[in-house]
Amino acid sequence: MSERKSRRTIRLGLGAAGLAILGYGLAGLPSQLGPAQLLGLVTWMAVAILLHDGVLVPLSTAAGFGLTRAGSKLQPASAAVLRGALLTGALVTLLALLLLKAQSVARKSTVLESDYATNLAWFWAVLAVVAVVAVVLLERRGRRGRSRRPR
Amino acid sequence: MHKRDGRQLTEWLAAKFASPTRSTRLTVVVGRWLGIAFTVCFLTGLFSHGLQNPPAWMVFPTRPVWIYQLSQGIHVTAGIASIPLLLAKLWSVYPELLSWPPIKSVAHGLERASIALFVGSSLLQVTTGLINTYKWYPWPFPFRETHYWLAWVIWGSLLLHIAIKLPAISAHWSRRTRGSALANPDATGTTDAAEVEVGTGGPGPGRWSRRALLTAVTAATGAVVVTTAGQSFAWLAPLNLFAPRRMGTGPQGVPVNRTAADANVADAAMSPAWALLVSSGSVDRSFTLEQLKAMPQYSHELPIACVEGWSQLATWRGVRVRDLLATVGASPESDLRVTSLEPEGAYRIMSMPAEYARDDQTLVALELNGRVLDLDHGYPARIIAPGRPGVLQTKWLQSVEVL
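All figures in this text were calculated on a predicted structure; none of them were measured in a lab.

A.B. asks: Now, about the overall build of chain B: what can you tell me, with residues and values included?
C.D. replies: If you tally the helices and strands in chain B, you get 14 helices and ten strands. The globule rule puts the C-alpha radius of gyration for 403 residues at 22 Å, and the 27 Å found for chain B is more than 25% above it. Residues classed as buried in chain B amount to 46% of the 403 residues present. At a minimum sequence separation of 6, the contacts of chain B that also span at least 24 residues come to 70%.

A.B. asks: How would you summarise the overall build of chain A if you had to cite specific residues and measurements?
C.D. replies: Of the regular secondary structure elements, chain A holds four helices and zero strands. Starting at the N terminus and walking to the C terminus, you meet the elements of chain A as α-α-α-α. For chain A, whose C-alpha radius of gyration is 24 Å, the value lies well above the compact-globule estimate of 15 Å for 151 residues. Each principal axis of the C-alpha distribution contributes one length, and for chain A these read about 70 × 65 × 30 Å.

A.B. asks: Help me get a handle on the domain arrangement of chain B, residues and values and all.
C.D. replies: Where the parts come together, the accessible area they lose is often given as the size of the interface. Residues and elements named next belong to chain B. When its domains are assigned, chain B resolves into domain 1 (2-239) and domain 2 (253-402). Relative placement of domain 1 and domain 2: their C-alpha centres are 41 Å apart. Every contact between the two is made by 20 residues of domain 1 and, on the other side, 18 residues of domain 2.

A.B. asks: Explain the interface of chain B and chain A residue by residue, including any values.
C.D. replies: Chain B puts 62 residues into the contact, and the matching count from chain A is 60 residues. Top element by residues in the side of chain B that touches chain A is helix H6 (residues 143-171) of chain B. It accounts for 15 residues. The residue inventory of the side of chain B that touches chain A, partitioned by class, reads 42 nonpolar, 15 polar and five charged.

A.B. asks: Tell me about the environment of B:Leu392, and please be specific about residues and values.
C.D. replies: All names here are of chain B. Summarising the element assignment, Leu392 is placed in the loop between strand S9 (382-384) and strand S10 (397-402). Once the C-alpha coordinates of Leu392 and Ser351 are considered, the two residues, 41 residues apart in sequence, prove to be 8.2 Å apart. If near-sequence neighbours (up to four positions away) are discounted, Leu392 is found in contact with Gln52 and Met350.

A.B. asks: Tell me about the environment of B:Val328, and please be specific about residues and values.
C.D. replies: All names here are of chain B. For Val328, the location among the structural elements is in the loop between helix H13 (321-327) and strand S5 (336-340). A tally of 18 C-beta atoms within 10 Å means that Val328 is categorised as partly exposed. In sequence terms Val328 and Ala273 are 55 residues apart; their C-alpha atoms lie 21 Å from each other. Those residues within four positions of Val328 in sequence are excluded, and the remaining contacts are Val278, Ser279, Ser280, Val283 and Arg285.

A.B. asks: For the domain arrangement of chain A, give the residues involved together with the corresponding values.
C.D. replies: Each assigned domain of chain A is listed here: domain 1 (1-32), domain 2 (34-71) and domain 3 (74-151). Computed over C-alpha atoms, the centres of domain 1 of chain A and domain 2 of chain A are 29 Å apart.

A.B. asks: Describe the nonpolar core, with residues and values.
C.D. replies: Looking at soluble globular proteins, one finds that nonpolar side chains tend to be buried together. In terms of nonpolar packing, the biggest core is built from 78 residues, with A:Val92, A:Leu99, B:Leu85, B:Trp155, B:Val224 and B:Phe242 touching the most fellow members. Residue contributions to this core peak at 13 residues, all from helix H3 (residues 76-105) of chain A. Counting 43 residues, the second largest nonpolar core, distinct from the first, contains B:Val65, B:Ala263, B:Val307 and B:Val338.

A.B. asks: So what about the sheet that holds strand S1 (residues 276-280) of chain B? Which residues, and what values?
C.D. replies: Residue and element names in this part refer to chain B. Here five strands make up an open sheet; going across it, the order is S2-S1-S10-S5-S6 and the pairing mixed. Edge positions in the open sheet fall to strand S2 (283-287) and strand S6 (349-352), since each of these has one partner strand only. Strand-to-strand twist in this sheet, taken as the mean axis angle between neighbours without regard to direction, amounts to 15 degrees. Alignment of S5 against S6, held across four bridges, turns out to be antiparallel. What sits directly across from Val338, in S6, is Met350.

A.B. asks: Can you tell me about the packing of helix H3 (residues 67-92) of chain B against helix H5 (residues 106-132) of chain B, naming the residues and giving the values?
C.D. replies: When two helices pack together, their arrangement is given by the angle between the helix axes and by the axis-to-axis distance. All names here are of chain B. It is the contact of H3 with H5, at a shortest axis distance of 10 Å, that shows an interaxial angle of 150 degrees. As for how H3 packs across H5, the hand of that crossing is left-handed. Facing H3, whose interface residues are Gly79, Ile80, Ser82, Ile83, Leu86 and Leu90, H5 presents Val119, Ser122, Val126, Gly129 and Leu130.

A.B. asks: Before we move on, could you go through the pairing of strand S4 (residues 311-320) of chain B and cite the residues and values that matter?
C.D. replies: Residues and elements named next belong to chain B. Of the strand pairs in this sheet, strand S3 (residues 298-305) and S4 are connected by eight bridges, and their pairing is antiparallel. Across the sheet, residue Pro303 finds its bridge partner in S4, namely Leu313. Connecting S3 to the antiparallel partner S4 that follows it, the hairpin turn spans five residues, and Gly309 within it adopts a positive phi of roughly 105 degrees. Here five bridges tie S4 to strand S7 (residues 363-368), and the two strands are oriented antiparallel to one another. Note on S7: the bridge partner recorded for Val319 is Val364.

A.B. asks: Describe the packing of H3(B) against helix H9 (residues 210-226) of chain B, naming the residues involved and giving the relevant values.
C.D. replies: All names here are of chain B. Put simply, H3 and H9 touch, their axes get as near as 9 Å, and they point 150 degrees apart. For the element pair H3 / H9, the angle class is roughly antiparallel. The hand of the H3/H9 crossing is right-handed. On H9, the residues touching Thr77, Ile80, Ala81, Ile83, Pro84, Leu85 and Ala88 of H3 are Val217, Ala220, Thr221, Val224 and Val225. In terms of residue class, the contact of H3 with H9 is built from ten nonpolar, two polar and no charged.

A.B. asks: Give me unusual backbone geometry: which residues, what numbers.
C.D. replies: Residue and element names in this part refer to chain B. A cis geometry characterises the amide bond from Arg63 onward to Pro64, with omega recorded as -10 degrees. On the secondary structure map, Pro64 appears in the loop between helix H2 (24-52) and H3. Even without being a glycine, Lys135 presents a positive backbone phi close to 60 degrees. Not every positive phi belongs to a glycine, and Trp396 is a case in point at roughly 50 degrees. You can see Trp396 is positioned in the loop between S9 and S10. By the C-beta count within 10 Å, which is 26 here, Trp396 ends up buried.

Cut-offs used in this document
- Residues numbered from 1 in each chain as written.
- Chains lettered and ligands numbered in written order.
- Predicted model: local features only at pLDDT ≥ 70, side-chain atom pairs only at ≥ 80, totals over all residues.
- Helix = DSSP H or I, 4+ residues; strand = E, 2+ residues; numbered from the N terminus.
- Rg over C-alpha atoms; globule rule 2.2 N^0.38 Å.
- Buried ≥ 20, exposed ≤ 12 C-beta atoms within 10 Å, placed from the backbone.
- Contact = placed C-beta atoms within 7 Å.
- Domains from an automatic or database assignment.
- Nonpolar A, V, L, I, M, F, W, Y, C, P; charged D, E, K, R; others polar.
- Core = buried A, V, L, I, M, F, W, Y, C linked by C-beta atoms within 7 Å.
- Pairing = 2+ DSSP bridges.
- Axes fitted to C-alpha atoms, helices over the stretch in contact; angles between N-to-C directions.
- Left-handed = near helix turned anticlockwise from the far one by under 90°.
- Parallel < 35°, antiparallel > 145°, perpendicular 65-115°, else oblique.

Encoded structure:
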């Protein structure tokens, strides 16, 4: 009973502190941003949510369907390696695409100097080799295991 | 009628998006990492902000000399790491978005509104934070101010979110706690049962287990960190594939943010009539470059570390600021105003608290890595102080005034 009470106190305290800090931030924004900038901020936030919830997650879910189908012929471990490699590659690609876009509009002398497209190609090459080797080894081990203990 | 259609639609969608890999336990595990990353970003960010816009009680640590290099390197790296963690966290709770009815009560409506604010500001914060390090500003609001206030909004929302979800968090805190040990039947399926199956054939053909997903998220986070953190940490420099900066580039092997051309300062800086004005009260003294060179010279290895996360260790040589203050009879314990030759710019005038002015390693640098300062590095003379953001290491000096 007293534990429940103290947990309730912690929750209330945390919630109140959170609300106060959040409110401080919300109150601070209009002190330095004009109405047009605030409107721009809210619009960008809404677009960020829409892009994430409406594009990124559905796309990754669609990719997941394909992977479930493709992976069903593989050992669970190698199917997981395949998914993990694609997840990593997709994320790094997203980052590199932002860099390439920024590079096309950049004007600074010692910023964005690398050849990111080539680096991305190298990254995918290494990732593919690592993933393929891991999948082949896991599949071979899995098949050997299955032939030893037939189910 | 409408209500039923809405429910049918969201239930159909929820079924489409269902994955047995989702579970409260997964959300708690990823949420913990994300909460730590956000908190690290918040604290290092407050430190950086305090150095640039100091409140009256601000402390200015000058040792270790790489303190800002470290704190800002961590800030940017933790921010980059939080991108995959945020995406994984949001994916794990995606079906919540489709819950019906969308608002059950006033309290529920408020909670959803607070979540929308939390999610929207977090997505915006990590994306604009990353793109800002590319020196690209495609948005219609000022970056620094927005980043600062949103940080409060996000961290406050984080505490509020933890308070609201505390029962679920503590029930799934460890694999052995009650909520996680029991099967967890909900709309998204049960992964705890799935995990038990891992040894005997996995969570279903072609699917992956929670552990496998967590391993992949860790790998993806590791990949973005390892391929970008080389701009902040020298030992990772060989793997720097996707950071906007590379160590050792730029004139004299040091990157440049603002060139002499950007600052429109070349003529004034190259003028043979240039002299550094040092003043304290009614005492004024002017030092030509030759006179500065004739003073005792000190050499220090100090990093230049930018708010954008990149940093570079370099050898600086020049006159100690405290020695210059002595020539006008000022105490080394003086707050200073340092002005650049730049005709305009947000950092043309820089305030230097006494903690830096009195420091043995704070220099009016005339040389960088053994050679006369390059024009883009602040020729004829610039400030270099331990533990300060790069924008406060004023280049192309015009005057140093005791306040």
